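The chain contents come next:
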Amino acid sequence: MAKLRKKEAGFILSILLSGSLFAQSPRTLTLPEAIAEARQHNPVLRAEQLSIQSSLADVVTAGLRPNPVLNNQTLQLVKPSAFPENTGALNNRNRQVWWQLTTPVNVARKRQKAVALAEQGVELTRRNVAETERNLLLEVGNQWLDAWSARLRLDLILEARQNIDTLVTINQVRLRNQVITKTDLLRTQILADQYRLRSQTTRQEYQNQLLLLKRLLGTSDSLDVAVNDTTLAWTTGPADTLITRAHLRRADVRLAEQAMEVAVQNTRLQEALRAPQPEVGAIYNPQNSVPYVGFYGTLPLPFFNKNQGGIQKAKVQQEQTRQVADYTRLQVQTEVQTAYRSYLTQRGNIDRYAGILQQSEQILTSVRYAYLKGGTTIVDYLEAQRSWLDVQQTYLDAQEAYRRSLLQLWFVTGQMPILSR
């Protein structure tokens, strides 16, 4: 019985351990998947999206009608000698009561214009959220590229370390066979130790980049990046076409245009507010038990206050938004032209690296063969290994710069959300 219980406990423990290992297996993310996940789960973006609901509440507030005002005034006769015969202090013949019910009048369509302004504010908030999302997606894309670059650097240094570790094993055998000197083995071991330390540092850097990516995605899952992701392909057109596309799609352009609409609507409301606000109502006034009814109305005389300051401020804000919109369009044109030229430059650099990589591989292969055959020294072989690694790292830098130029081109043309579809 005890043995059976031990077997059952061991079986359950193995299931728990296997489930734990399965849960910890990393998810491999492509760039579109990272962008899509950030759009859904990023905490900052989700908090920003709540501001849309807040602005919708402003529409409700603007559409509310004013509450009517009920006014009561009561006058009591306090001199008993003046009371009518056979009446006491509480008799209605010794009292005058004034009931007044009034309400402001909606003139110059003030309420409708306030609602229109609030509705324009909702659209402005939506476009502001879209601009926040646009900048967030660029940050996510750059962070994904940071992790992608760190992962490739780790793979590269591990490959170089494996090559040197193999050479160390070979040289240990060759030293025992007295083919090489102990100095040659020590030089090889020193380079192997250097690569081992670099691999540890690079691995930690990769883990750090993944942590930063997880923060942006709003997840605690174990992640990995797809090193072979080719999402950032680009079919370019003329620069003028890209600028036109950017003007139509970029959230900051649409935000600036909507700010102009809000300013125009605010000017209309401020001009309506200069009209005096009348207040009308009805009166019921029983005086000494004799009922009277009447009409109540009040109208401020616009001799001094015609909302001059509000109108002047609204017109200034309208001009400000116009200038901001003009500058934003100019900024779009400059950013697209700059990003497009950078993309062309980085693409040319990638094309020119193909020959350099091939030559580096050929040199390393030739020197390795010559060293193993005794045709060259360990110094030449280790130098060829270092040169190969330098070329590979430089090429990786060029790849990263090329992909960042592509990402920037997607960003400045307002097409980042398309990557997540």
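Refer to the preceding data block for the structure.
Now for a look at the structure at hand.

What counts, and at which threshold
Residues numbered from 1 in each chain as written. Predicted model: local features only at pLDDT ≥ 70, side-chain atom pairs only at ≥ 80, totals over all residues. Heavy atoms only, no water. Helix = DSSP H or I, 4+ residues; strand = E, 2+ residues; numbered from the N terminus. Rg over C-alpha atoms; globule rule 2.2 N^0.38 Å. Buried < 20%, exposed > 50% of the residue type's maximum accessible area, 1.4 Å probe, protein only. Contact = heavy atoms within 4.5 Å. Areas by Shrake-Rupley, 256 points an atom, 1.4 Å probe, with all protein chains shown as cover. Lys, Arg positive; Asp, Glu negative; His and termini not counted. Charge placed at Lys NZ, Arg CZ, Asp CG, Glu CD. Patch = residues over 30% accessible without salt bridge, like charges linked within 9 Å, V, L, I, M, F, W, Y side chains within 5 Å. Salt bridge = Lys/Arg side-chain N within 4 Å of Asp/Glu carboxyl O. Core = buried A, V, L, I, M, F, W, Y, C linked by side-chain atoms within 4.5 Å. Phe/Tyr/Trp six-rings, centres within 6.5 Å; stacked < 30°, edge-to-face > 60°. Lys NZ or Arg CZ within 6 Å of the ring centre and 35° of its normal. Pairing = 2+ DSSP bridges. Axes fitted to C-alpha atoms, helices over the stretch in contact; angles between N-to-C directions. Parallel < 35°, antiparallel > 145°, perpendicular 65-115°, else oblique. Left-handed = near helix turned anticlockwise from the far one by under 90°. Nonpolar A, V, L, I, M, F, W, Y, C, P; charged D, E, K, R; others polar. Polar contact = N/O pair within 3.5 Å; in protein donor to acceptor, adjacent residues only side chain to side chain.

A tally of helices and strands in the protein yields nine helices and six strands. Here the C-alpha atoms of the protein give a radius of gyration of 39 Å, more than 25% beyond the 22 Å that 2.2 N^0.38 yields for 421 residues. Projected onto the principal axes, the alpha-carbon positions of the protein cover approximately 145 × 80 × 35 Å. Taken across its 421 residues, the protein has 35% of its residues classed as buried. Taking the intrachain contacts of the protein between residues at least 6 apart in sequence as the baseline, contacts between residues at least 24 apart amount to 81%. About 24900 Å² of surface is accessible on the protein, with carbon and sulfur atoms providing 55% of the total. Both charge centroids of the protein, one from 50 positive and one from 37 negative side chains, sit 5 Å from each other.

A cluster of nonpolar side chains, contributed by Leu70, Trp99, Leu101, Tyr284 and Val293, occupies part of the molecular surface with about 550 Å² of accessible area. Assignment of secondary structure puts Leu101 in strand β3 (residues 95-104). Look at Leu101 and you get partly exposed, because its relative accessible area is 46%.

Within the largest apolar cluster, 65 residues are counted, with the highest numbers of intra-cluster contacts made by Val140, Trp144, Leu217, Val225, Tyr381 and Met416. At 18 residues, the largest contribution of residues to this core is made by helix α4 (residues 110-176). Not counting residues up to four positions away in its chain, the partners in contact with Val140 are Ala34, Ile35, Ala38, Leu213, Leu216 and Leu217. By size, the runner-up hydrophobic cluster in this structure holds six residues, among which are Ile350, Leu357, Tyr395 and Ala398.

Attention shifts here to the packing of aromatic side chains. Scanning all chains against the criterion turns up four aromatic pairs. Considering the side-chain rings of Tyr353 and Tyr395, the 5.7 Å spacing of their centres and the 55° angle between planes classify their relative orientation as tilted. Taken together, the positions of Tyr353 in helix α8 (residues 308-372) and Tyr395 in helix α9 (residues 378-412) put the pair 42 residues apart, joining distant regions of the chain. Take Tyr353 and Tyr395: they sit in the same class, and that class is buried. One aromatic cluster is present, formed by Tyr340, Tyr343 and Tyr402 through successive ring pairs. Lying across the ring of Tyr371, Arg174 places its NZ or CZ 4.8 Å from the centre.

Note: β3 against strand β5 (residues 279-284), six bridges, orientation antiparallel. By the bridge assignment, Thr102 is partnered in β5 with Gly281. The pairing of β5 with strand β6 (residues 293-298) spans six bridges and is classified as antiparallel. Bridging from a neighbouring strand, Glu279 pairs with Thr298 of β6.

This paragraph deals with the sheet that holds strand β2 (residues 69-76). Ordered by their spatial adjacency, four strands build an open sheet running β2-β3-β5-β6, and the pairing between neighbours is antiparallel. Looking along the sheet, the strands with just one partner apiece sit at the ends: β2 and β6. If you compare each strand with its neighbour and ignore which way they point, the axes differ by 20° on average.

On to unusual backbone geometry. One non-glycine residue, Gln178, lies in positive phi territory at about 60°. Mapping Gln178 onto the fold places it in the loop between α4 and α5 (182-217). Taking the relative accessible area as the measure of exposure, Gln178 reaches 71% and is therefore exposed. The backbone of Ser289 sits at a positive phi, close to 75°, despite the residue not being glycine. Secondary-structure assignment places Ser289 in the loop between β5 and β6.

Its location among the elements puts Gln408 in helix α9. On the basis of relative accessible area, Gln408 is assigned to the partly exposed category, the value being 32%. Once the C-alpha coordinates of Gln408 and Asp224 are considered, the two residues, 184 residues apart in sequence, prove to be 23 Å apart. Not counting the four nearest positions on each side in its chain, Gln408 is found in contact with Leu138 and Ala339.

On to the environment of Pro84. Inspection of the secondary structure puts Pro84 in the loop between β2 and β3. Residues Pro84 and Tyr296, spaced 212 residues apart in sequence, show a C-alpha to C-alpha distance of 31 Å. Non-local contacts of Pro84, meaning those with residues more than four positions away in its chain, are made with Arg93 and Asn94.

Turning to the packing of α8 against α9, a few remarks are in order. When two helices pack together, their arrangement is given by the angle between the helix axes and the distance between those axes. Look at α8 against α9: their axes get within 8 Å of each other, and the N-to-C directions meet at 160°. Considering the angle they form, α8 stands roughly antiparallel to α9. Between α8 and α9 lies a crossing whose hand is left-handed. For the contact of α8 with α9, the per-class residue count stands at 23 nonpolar, 10 polar and five charged.

By secondary structure assignment, the location of Thr413 is in the segment after α9. Under the relative-accessibility criterion, Thr413 is labelled buried at 0%. Side-chain polar atoms of Thr413 contact the side chain of Gln415, separated by 3.0 Å.

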